[in-house]
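Chain by chain, the residues:
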Protein chains: 2
Amino acid sequence: MNLEWLQSYIVIVEEKSITKAAERLNISQPALSKQLKGLESEYNILLLNRTTKGIEVTKAGFHLYNQAKSLIQQSNLIKLELQEMNESHKMTIGCLPSIATSYLPNFNLKNHCVFIQNYSKALIHSLENNQVNISLIDNYFYDGSLVKKDLFSEKYVALIPKKYNLGQLNELSWKIIEEYPLILHSSPCDTYSKIKSHAYNNTINLNITKYVPFGDFLYGYVLSGEGMTIVPQLISQNLRHLDIDLIPVEDLELTISAVAKTNKILNSFLDLIQDEVIK
Amino acid sequence: MNLEWLQSYIVIVEEKSITKAAERLNISQPALSKQLKGLESEYNILLLNRTTKGIEVTKAGFHLYNQAKSLIQQSNLIKLELQEMNESHKMTIGCLPSIATSYLPNFNLKNHCVFIQNYSKALIHSLENNQVNISLIDNYFYDGSLVKKDLFSEKYVALIPKKYNLGQLNELSWKIIEEYPLILHSSPCDTYSKIKSHAYNNTINLNITKYVPFGDFLYGYVLSGEGMTIVPQLISQNLRHLDIDLIPVEDLELTISAVAKTNKILNSFLDLIQDEVIK
DNA sequence: AAGCTTTACGCGATACGTAACAATA
DNA sequence: TATTGTTACGTATCGCGTAAAGCTT
């Protein structure tokens with residue numbers, strides 16, 4: 001039995017589609033289909049009824065889904081516990097891509113693992129599933145069930161084609177943003193959720209012209225002048241060389257917090273980034 | 001993660017030897033060594049200290065051993081539960097090799113799985129581990145913690161080289177057995193345990209000249225005249241064509257019992273062999 | 001035709017077994 | 001020298017991705 005197959009199966013059930021699950025898992029759809037077949041022949045029972053518009057979970061399939069989640073969680077816990085027994089006290093840190101590339105490199109974490117996910121809710125989920133010891137999330141998505149310590153706050157920055165001639169502004173108001181085409185990552189995505197929510201709460205009428213999936217080159221669309229986009233400041237730091245204007249956005253902040261299951265784990269992470277700041 | 005590797009790891013720890021574990025698992029010793037290396041690199045921690053006279057479990061290794069047992073058990077349980085959800089109510093039946101070849105073929109069990117192990121204690125263990133729903137064991141090894149139903153009893157039969165000229169006897173007394181060389185399977189083995197125990201309790205001095213591992217051709221040694229051996233009557237039925245004498249042994253009986261965790265499972269097995277007797 | 005899954009097939013990685021090697025008592 | 005574990009290497013199987021082919025709506 002292969003635990004990766006069970007993990008894949010869980011994703012299939014949650015996405016209600018083999019195709020979508022394959023995308024999320026970054027494997028081809030036929031490969032995933034065969035994993036599923038493998039599970040069904042392993043257990044000698046039909047798990048999912050395939051329809052032309054996705055899949056339908058059978059009774060046995062639902063049972064396996066629940067049991068598999070528990071099994072995977074237990075397996076992840078074993079791994080984490082063994083890591084903790086390692087003399088290096090290695091931790092697995094879950095974080096957003098931007099944190100991994102722009103913030104974590106400030107610290108010496110070579111004895112630890114970094115686990116990247118695209119949005120905060122997934123990071124909290126990974127913590128609950130014992131896939132990671134600690135997660136660095138956008139405080140906005142914190143739900144109170146874990147211990148937390150805020151690390152830093154920052155503004156969002158708009159990436160704007162030069163041709164819009166907004167480069168001289170110190171801050172971009174939502175009034176102006178309303179007037180230009182806006183390109184966002186497609187959901188689920190922290191920035192997407194926060195912008196949508198902010199617009200809704202302040203009756204701002206956004207002119208969203210394009211949704212770009214993760215991994216696509218969002219900035220390319222901005223460079224080509226198709227519209228502006230909004231990203232956390234941390235990300236914009238690496239984009240200074242691009243021929244676009246970077247302007248902070250009014251009234252929209254981001255606080256990155258470390259969350260964990262216990263204060264002990266949280267503190268050992270805080271010690272880590274306290275002690276090991278490079279400069 | 002591969003659950004088979006964890007299962008192998010459990011066997012290594014229990015056998016305290018990679019070589020012995022490889023024999024029990026029927027894979028080559030280097031292959032098992034590599035599985036172990038795979039686990040250690042998966043968890044990035046040393047599990048076993050290798051010495052020239054076996055292995056020595058580290059702290060982390062002991063922790064993994066306990067956790068792995070629980071994980072494997074949970075995984076087996078999932079499999080059994082899914083089997084039960086199958087419309088055929090497929091069961092997995094654990095039994096001794098002799099039962100699988102001589103008794104079970106009397107019933108139509110094609111919708112069920114048969115899981116063969118070499119001795120009753122292992123079968124009870126598999127039941128506790130959820131590897132099987134029901135086990136057919138030698139009643140002698142029943143420890144009272146499971147529900148049980150006796151199925152049949154039989155005598156043991158000695159396989160004797162013709163040259164000993166004992167073919168005319170109706171029953172072989174232990175007095176006579178003492179006088180001849182005896183060949184047994186090496187421990188662990190039900191027959192071995194029972195004969196040793198019977199000899200000890202009745203102050204019989206056996207002249208055991210050879211131990212043959214499972215899988216070796218015990219009967220070959222008898223045919224060549226090196227000594228006699230003793231097997232359950234069920235096994236001896238398939239040996240009538242051999243040029244040896246088959247004589248029942250005095251004072252030694254065997255009762256095969258079905259054991260299960262619950263009466264429900266036990267009864268569904270009993271129904272099965274009630275209904276489906278071929279003749 | 002569009003959207004989903006399955007089948008076919010070639011390729012690379014993985015895992016096995018055999019054989020040779022190393023280490024220790 | 002016997003016992004135990006490791007390394008090396010050839011081979012077979014497994015699992016992936018690409019491409020093409022069913023199925024329903």
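Up top you'll find the structure we're talking about.
Okay, so let's go over this structure. (Residues numbered from 1 in each chain as written. Chains lettered and ligands numbered in written order. Predicted model: local features only at pLDDT ≥ 70, side-chain atom pairs only at ≥ 80, totals over all residues. Heavy atoms only, no water.)

## Notes on the protein's contact with DNA strand D
Here is the rule we go by: Whether a residue is near a molecule or strand depends on its heavy atoms: if one lies within 4 Å, it is near. For this analysis, a polar contact is any N or O atom pair within 3.5 Å, provided that within protein one partner can donate a hydrogen and the other can accept it, and provided that sequence-adjacent residues contribute only side-chain to side-chain pairs. Only Asp, Glu, Lys and Arg are considered charged, only Ala, Val, Leu, Ile, Met, Phe, Trp, Tyr, Cys and Pro nonpolar, and every remaining residue, Gly among them, polar.
Taken together, the neighbourhood of DNA strand D is formed by 22 residues, with A:S28, B:T19, B:Q29, B:S33 and B:R50 sitting nearest. For DNA strand D, the fraction of atoms within 4 Å of the protein that belong to sugar or phosphate moieties is 70%. Taking B:T19, its side chain carries an N or O atom lying 2.4 Å from a phosphate oxygen of DNA strand D. In terms of residue class, the surface near DNA strand D is built from seven nonpolar, 10 polar and five charged.

## Considerations on the relation of the copies chain A and chain B
Two copies of a chain can be linked by a rotation about an axis combined with a shift along that same axis. In plain terms, the rule: Least squares is used to superpose the copies, and the fit set is the C-alpha atoms of residues whose pLDDT is at least 70 in both copies.
Its rotation angle being 180 degrees, the transformation that places chain A on chain B also includes 0.0 Å of axial translation and leaves an RMSD of 0.2 Å. Both copies are brought into coincidence by an operation consistent with a two-fold rotation axis. Every residue of chain A has its C-alpha some distance from the rotation axis, and the shortest such distance is that of A:N2, at 2.4 Å.

## With respect to the nonpolar core
Formally: Residues enter a nonpolar core if they are buried and are Ala, Val, Leu, Ile, Met, Phe, Trp, Tyr or Cys, with the set joined through side-chain atoms within 4.5 Å. Think of it in three bands: residues with accessible area under 20% of the maximum for their type are buried, residues over 50% are exposed, and the middle band is partly exposed, with areas taken using a 1.4 Å probe on protein chains only. Every helix listed is a DSSP run of H or I at least four residues long, and every strand listed is a run of E at least two residues long, numbered separately from the N terminus. Two residues form a contact once any of their heavy atoms are found within 4.5 Å.
Residues A:L6, A:Y9, A:Y43, A:L64, B:L6, B:Y9 and B:Y43 are the most contacted members of the largest nonpolar core, which totals 54 residues. Every element with two or more residues in this core is listed here: α1 (3-15), α2 (18-25), α3 (29-43) and α4 (59-85) of chain A together with α1 (3-15), α2 (18-25), α3 (29-43) and α4 (59-85) of chain B. Here A:Y9 is in contact with A:L36, A:L39, A:L47, A:L48, A:V57, A:G61, A:F62, A:L64 and A:Y65, once residues within four sequence places are set aside.

## A word on the environment of B:I134
Residues and elements named next belong to chain B. Within the secondary structure, I134 sits in strand β5 (residues 134-138). Given the relative accessible area of 0%, I134 is considered buried. The spacing of I134 and V114 is 20 residues in sequence and 9.8 Å in space, taken between C-alpha atoms. With residues near it in sequence (within four places) discarded, I134 still touches T92, I93, G94, L127, A258, V259, A260, I265, L266 and F269.

## What to know about the packing of aromatic side chains
Test applied: Paired rings are identified among Phe, Tyr and Trp, the last through its six-membered ring, by centres lying within 6.5 Å, and are further divided according to the angle between planes into stacked (under 30 degrees), edge-to-face (over 60) and tilted (the rest). Whether a charge lies above a ring is judged from NZ of Lys or CZ of Arg, which has to be within 6 Å of the ring centre and within 35 degrees of the ring normal.
Under the counting rule described, the total for this entry stands at 12 aromatic pairs over all chains. Seen from their ring centres, A:Y164 and A:Y180 are 4.6 Å apart, and the 25 degrees between their planes marks the pair as stacked. Highlighted residues: A:Y164 in the loop between β6 (147-161) and α7 (174-177) and A:Y180 in the loop between α7 and β7 (182-185), separated in sequence by 16 residues. Its relative accessible area of 12% is what places A:Y164 among the buried residues. The exposure class of A:Y180 is buried, given its relative accessible area of 19%. Ring geometry for B:Y103 versus B:F152: centroids 4.8 Å apart, planes at 45 degrees, classification tilted. Taken together, the positions of B:Y103 in the loop between α5 (97-102) and β4 (113-116) and B:F152 in strand β6 (residues 147-161) put the pair 49 residues apart, joining distant regions of the chain. Comparing B:Y103 with B:F152, the two get one shared label, buried. Pairwise contacts between aromatic rings join A:Y103, A:F107 and A:F152 into one cluster. Sitting over the face of the ring of A:Y142, A:K148 holds its NZ or CZ atom 5.1 Å from the ring centroid.

## As for the interface of chain A and chain B
Under the convention used in this document: Joining two parts hides part of their accessible area as seen by a 1.4 Å probe, and the buried area is that hidden amount summed over both. Should a side-chain nitrogen of Lys or Arg be within 4 Å of a carboxyl oxygen of Asp or Glu, the pair is scored as a salt bridge.
Tallying the contact residues gives 25 residues for chain A and 25 residues for chain B. Roughly 2600 Å² is buried in total at the junction of chain A and chain B, and carbon and sulfur atoms are behind 59% of that figure. Where chain A packs against chain B, one counts two salt bridges. Across the pair B:K79 and A:E42 runs a salt bridge whose closest N-O atoms are separated by 3.2 Å. Inspection of the chain A/chain B interface yields 12 residue pairs in polar contact (both at pLDDT 80 or more). Of all the secondary structure elements, the ones that give two or more residues to the side of chain A that touches chain B are α1, α3 and α4 of chain A. Per-class residue counts for the side of chain A that touches chain B are 11 nonpolar, eight polar and six charged.

## A short note on the protein's contact with DNA strand C
Close to DNA strand C lie 20 residues; A:T19, A:Q29, A:S33, A:R50 and B:S28 are nearest. Of all atoms in DNA strand C that approach within 4 Å of the protein, 70% are sugar or phosphate atoms. The side chain of A:S33 places a nitrogen or oxygen atom 2.3 Å from a phosphate oxygen of DNA strand C. A distance of 2.4 Å is found between a phosphate oxygen of DNA strand C and a side-chain nitrogen or oxygen belonging to A:R50. Mapped onto the surface near DNA strand C, the elements with two or more residues apiece are α2, α3 and β2 (54-57) of chain A together with α3 of chain B. The class makeup of the residues in the surface near DNA strand C is seven nonpolar, nine polar and four charged.

## Quick look at the packing of α2(A) against α3(A)
Between two packed helices, what matters for the description is the angle formed by their axes and the separation of those axes. Residue and element names in this part refer to chain A. Stated precisely, the cut-off is as follows: Angles shown run from 0 to 180 degrees and are taken between the N-to-C directions of axes, each axis being a line fitted to C-alpha atoms and, for helices, limited to the stretch in contact. In what follows, roughly perpendicular refers to angles from 65 to 115 degrees, roughly parallel to angles under 35, roughly antiparallel to angles over 145, and oblique to any angle outside these ranges.
Packing of α2 against α3 brings their axes to within 9 Å, and their N-to-C directions diverge by 110 degrees. Regarding the angle of α2 to α3, the classification is roughly perpendicular. Here I18, T19, A21, A22 and L25 of α2 come into contact with α3, specifically with Q29, L32, S33 and L36. Split by residue class, the contact of α2 with α3 holds six nonpolar, three polar and no charged.

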